[in-house]
Amino acid sequence: VRCTTAGDEPGSHGTRWTGIFECARGRHVDVLLWPAANSVVIAAANAVYIVDPSIPEQLSGFAAPVEINDIIFDESAQNMFVADSLRIYAFSSDRLFRWISEPLDGYGAHFRGCRGRVLAVQLKQSESEPEGEGAPSVIRLRTEDGTILRSRFRLVHRYWMKSMAA
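Rules behind the numbers
- Residue positions within a chain follow its written sequence, with the count starting from 1.
- The predicted nature of this model means local features are confined to residues of pLDDT at least 70 and side-chain atom pairs, given and counted, to a pLDDT of 80 or more, with totals for whole chains, interfaces and linings taken over all residues.
- As a rule here, side-chain values cover all heavy atoms of the structure and leave hydrogens and water aside.
- Put simply, DSSP H or I for four residues or longer makes a helix, DSSP E for two residues or longer makes a strand, and each gets a number counted from the N terminus.
- Residue contacts are counted whenever heavy atoms from the two residues lie within 4.5 Å of one another.
- Being paired, for any two strands, means DSSP has found at least two bridges between them.
- Only the stretch in contact is used when fitting a helix axis, every axis being a line fitted to C-alpha atoms; angles between N-to-C directions are given from 0 to 180 degrees.

Regarding the side chain of Ser 93
Stage number 1. The topology assignment puts Ser 93 in the loop between strand S9 (88-92) and strand S10 (97-100).
Stage number 2. Setting aside chain neighbours within four positions, we find Ser 93 in contact with Trp 34, Ala 36, Ala 37 and Gln 78.

What follows is the structure, encoded as C-alpha cells:
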C-alpha cells in the first residue's frame, strides 16, 4: 500500500509511506479511508491494520483467528466494526479497540447495515441446525457494547424445535 498525505501548509508536499501487509496468495486486501479517525484501514486476510498516515509506524489493529469477512462504519463514521467468520470487533475513531462480541450463532458473518445504534449481521446457519441447514439468518447487535439482541420469537421457536426433536 502506498500512501501520500497532503501537506498542512500551502506548497508543501506532505509525506509518503509504503506499507507492506502480508496476505496469502489468492486472498484479498481491502484498503479503506476512515476520515473520522484520520486513518487508512487495511484488511489483509485475517488481520486489520489502522494506520495514521502522518505517523505510519504507530499503527493499531488486530489479528483474528479466521479471515476478515467485512468492515462497516456506523452512521457518524466514529466507530468501525469488523466481522470475521465467528465474531464482531469494534473500534472507535481514536483507533482503539472497544469490544468483541460473543461467538455468533452461525458463521460467515457479513454486515447488512448499521443504523440507530444497531448492527445487522447476516450469518449462515450451521448445518446441524434443524430449521435451516445452511440458510442465512440476520442477527442484530448493539453498537455500544456488542450485545446480541435476541428476538423472543426466535428463542421460543428454537426451544419448540428442540423439544419436538427430542
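The discussion continues.
Regarding the sheet that holds strand S5 (residues 47-51)
Stage number 1. Pairing is antiparallel in the open sheet, where 4 strands are placed in the order S3-S4-S5-S6. Here the strands that pair on one side only, and so sit at the sheet edges, are strand S3 (29-34) and strand S6 (60-63). Each neighbouring strand pair of the sheet contributes to a mean axis angle of 10 degrees, computed without reference to strand direction.
Stage number 2. Pairing of S5 with S6, which is carried by 4 bridges, proceeds in the antiparallel orientation. Residue pairing across strands places Ala 47 opposite Ala 63, the latter belonging to S6.

Topic: the pairing of strand S11 (residues 107-115)
Stage number 1. In this structure, S11 lies alongside strand S12 (residues 118-124), joined through 6 bridges in antiparallel fashion. When the sheet's bridge partners are listed, His 110 is paired in S12 with Gln 122.
Stage number 2. Connecting S11 to the antiparallel partner S12 that follows it, the hairpin turn spans 2 residues, and Gly 116 within it adopts a positive phi of roughly 60 degrees.

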